[in-house]
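Read off the chains here:
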Amino acid sequence: MRAALLAVTASAVLLAPAPVPAAAAAPTPAAATPVTGTPAAATEGAGTEGAVAARAVRCPRVAAPAVSRPPRPSPPPAVPQARVVGGDGLATSGLVVPAGAGAPPAITATSWLVADLDSGQVLGGCGPHEYGTPASVQKLLLAATMMPRLDPAQTVIVTAADMNIEPGSSAVGLVEGGRYTIETIWLGLLLNSGNEAANALARLGGGPDGAAGGVRAMNEQAHHLGALQTHAVTPSGLDGRGQFTSAYDLALIARACFAQPTFRRYALTQQATIPAQPAQRTKGFQIQNENQLIYRYPGALGGKTGFTDLARHTYVGAAERDGRRLVVTLLGAEPAPRRGWEQGAALLDWGFSLPRDAGVGRLVEPGELTATPSAAPSALAAPGPPRPAAASGAARTGSGWLWSVVALSGAGVLALLGGLLWHRRRRLPGQIDNGPRHP
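As a starting point, this report considers the structure included with it. Just so we're clear, the structure is a prediction, and the values are computed from it rather than from any experiment.

Attention now goes to the side chain of Asp249. Within the fold, Asp249 resides in helix α7 (residues 247-258). Although Asp249 is buried, it forms no salt bridge, and the closest oppositely charged side chain is Arg83 at an N-O distance of 11 Å. At a separation of 2.8 Å, a polar atom in the side chain of Asp249 contacts the side chain of Thr230. Those residues in contact with Asp249, other than ones at most four positions away along the chain, are Gly226, Ala227, Leu228, Gln229 and Thr230.

Given below as structure tokens:
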């Protein structure tokens, strides 16, 4: 009878749904630690029966020329727990800045964020957790994922599948059958935003599933970094159904990139040579870094530009001043009256004008959300003391976590059953089992 009951219990444990990590689930929020700064919701006044209506503070904007663009895709449903990652004050579609801070510059970007690369403090933002389309700044997620996996000195061959990119889209000039070092392909990706370079790197780092495995690894890395609003469909950032990110997520991704010395070197490279391919009868040629920040902004550390008709202009840039390193991310910008990198530079100037201890939230650490599945969202989101720059590491996936729980539960149940059966066989006639009893 007891053996049968244990067998039923074992089956129930093995077949029951495994618990979901807090980063992927929607746990009930606890009381959050207040965020230093001015919240982005301004109280309008008390309504009927004491209800209070709130309105987001508008972000400073400048008028941009009207442009024709494809219809914007519908973003995923808002997840309240994802919107408070980094601090409750970041859960706004409007402006959030430190108390007493001067107004940030008026720009055309629909959302943006400025943060400290080293301490992780968020200095301010406009709709930091609003969904946006990434365009080529998504290549930073590819770099954060694949750069630690791939040997830059290895020589590889470009395939026909790597060359399968949208006609007229950004390409660095690699050729099918060409032999290049992985470092050359990285430079083609980061300097000239080569979409064929993105396909090749995703394939090379994607394992048996090739580029599809590479995109899957990018999404796992985004989850590991705490970029819960980011979903990659293409490795290059070419528009894909369901592909989104946010200004906050881009800052997490950029921080992981700038933690890598190899990335920092590539990001500041002004020009590189794509070697000749005699077998394909192509000559070598030079490429230049398209990020104007590195030429025109003192202390620039590099970054990434992006553009599609759907995403409009997107930008990530970083700079250092007086030993302080800041990063800016922006989505949905128009190039007039100022180009994307110029809007980023203006926001960096504003960020550097703020005191070092100013902040409205923080960038979570890699693995922080997935490593503490039982922690309340407020504990994960609350601002904390300055931390060192995040290091990029292997992603711990949600699915891997779930399978680990199932495997450990199954192994424990099987061990328990085996021990009981062994004990029963050795028990003498008439001996009483004094083990724990279950209702």
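Past the structure itself, the notes keep going.
Attention now moves to helix α5 (residues 195-205). The periodicity of an α-helix, 3.6 residues per turn, causes residues three or four places apart in sequence to face the same way. Counting buried positions along α5 gives 9 out of 11 residues, so the element sits mostly inside the fold. Of the residues making up α5, those classed as buried are Asn195, Glu196, Ala197, Ala198, Asn199, Ala200, Leu201, Ala202 and Gly205. In this fold, the buried residues of α5 make contact with α3 (139-146), α4 (182-192) and α6 (210-225). One or two steps after α5, the chain reaches Gly207, where phi turns positive at roughly 75 degrees.

Bringing the packing of aromatic side chains into the picture now. Under the criterion given, the structure shown has 3 aromatic pairs. Measuring from ring centre to ring centre gives 5.9 Å for Trp112 and Trp350, while their planes differ by 80 degrees; the resulting arrangement is edge-to-face. Note that Trp112 is positioned in strand β4 (residues 111-116) and Trp350 in helix α10 (residues 340-353), a separation of 238 residues in sequence. Accessibility assignment for this pair places Trp112 and Trp350 in one class, buried. Relative to Phe244, the ring of Tyr131 lies with its centre 5.8 Å away and its plane at 70 degrees, an arrangement referred to as edge-to-face. On the criterion of sequence distance, the pair formed by Tyr131 in the loop between β5 (121-126) and α3 and Phe244 in the loop between α6 and α7 is long-range, its members being 113 residues apart. Judged by its relative accessible area of 24%, Tyr131 falls in the partly exposed class. The exposure class of Phe244 is buried, given its relative accessible area of 5%.

Within this structure, the stated rule accounts for 1 disulfide. At a sulfur-sulfur separation of 2.1 Å, the disulfide partner of Cys59 is Cys126. Judged by the torsion about the S-S bond (100 degrees), the Cys59/Cys126 disulfide is right-handed. Of this pair, Cys59 sits in the loop between β2 (52-56) and α2 (80-83) while Cys126 sits in strand β5, placing them 67 residues apart in sequence.

We now examine unusual backbone geometry. Keep in mind that most residues, glycine aside, have a negative phi and that most peptide bonds are trans. A cis amide bond links Ala336 to the next residue, Pro337, at an omega of 10 degrees. You can see Pro337 is positioned in the loop between β12 (324-333) and α10. Phi at Ala135 takes a positive value of approximately 55 degrees, unusual for a residue other than glycine. Structurally, Ala135 can be placed in the loop between β5 and α3. Positive phi, close to 65 degrees, is recorded for Arg312, a residue that is not glycine. Turning to its location among the elements, Arg312 is positioned in strand β11 (residues 312-321). According to the relative accessible area criterion, Arg312 is buried, its value standing at 7%.

Let us look at the nonpolar core. Side chains of a nonpolar character, in soluble globular proteins, are inclined to be buried together. Within the largest apolar cluster, 66 residues are counted, with the highest numbers of intra-cluster contacts made by Trp186, Tyr248 and Phe263. If one sorts the elements of this core by residue count, α7 sits on top with 10 residues. If we skip the residues at most four places from it in the chain, Phe263 touches Leu140, Ala143, Met147, Leu190, Cys257 and Phe258. Formed by 26 residues, the second largest nonpolar core is a distinct cluster that contains Ile107, Leu347, Leu348 and Leu354.

Conventions and cut-offs
Residues numbered from 1 in each chain as written. Predicted model: local features only at pLDDT ≥ 70, side-chain atom pairs only at ≥ 80, totals over all residues. Heavy atoms only, no water. Helix = DSSP H or I, 4+ residues; strand = E, 2+ residues; numbered from the N terminus. Buried < 20%, exposed > 50% of the residue type's maximum accessible area, 1.4 Å probe, protein only. Lys, Arg positive; Asp, Glu negative; His and termini not counted. Salt bridge = Lys/Arg side-chain N within 4 Å of Asp/Glu carboxyl O. Polar contact = N/O pair within 3.5 Å; in protein donor to acceptor, adjacent residues only side chain to side chain. Contact = heavy atoms within 4.5 Å. Phe/Tyr/Trp six-rings, centres within 6.5 Å; stacked < 30°, edge-to-face > 60°. Disulfide = S-S within 2.5 Å. Core = buried A, V, L, I, M, F, W, Y, C linked by side-chain atoms within 4.5 Å.

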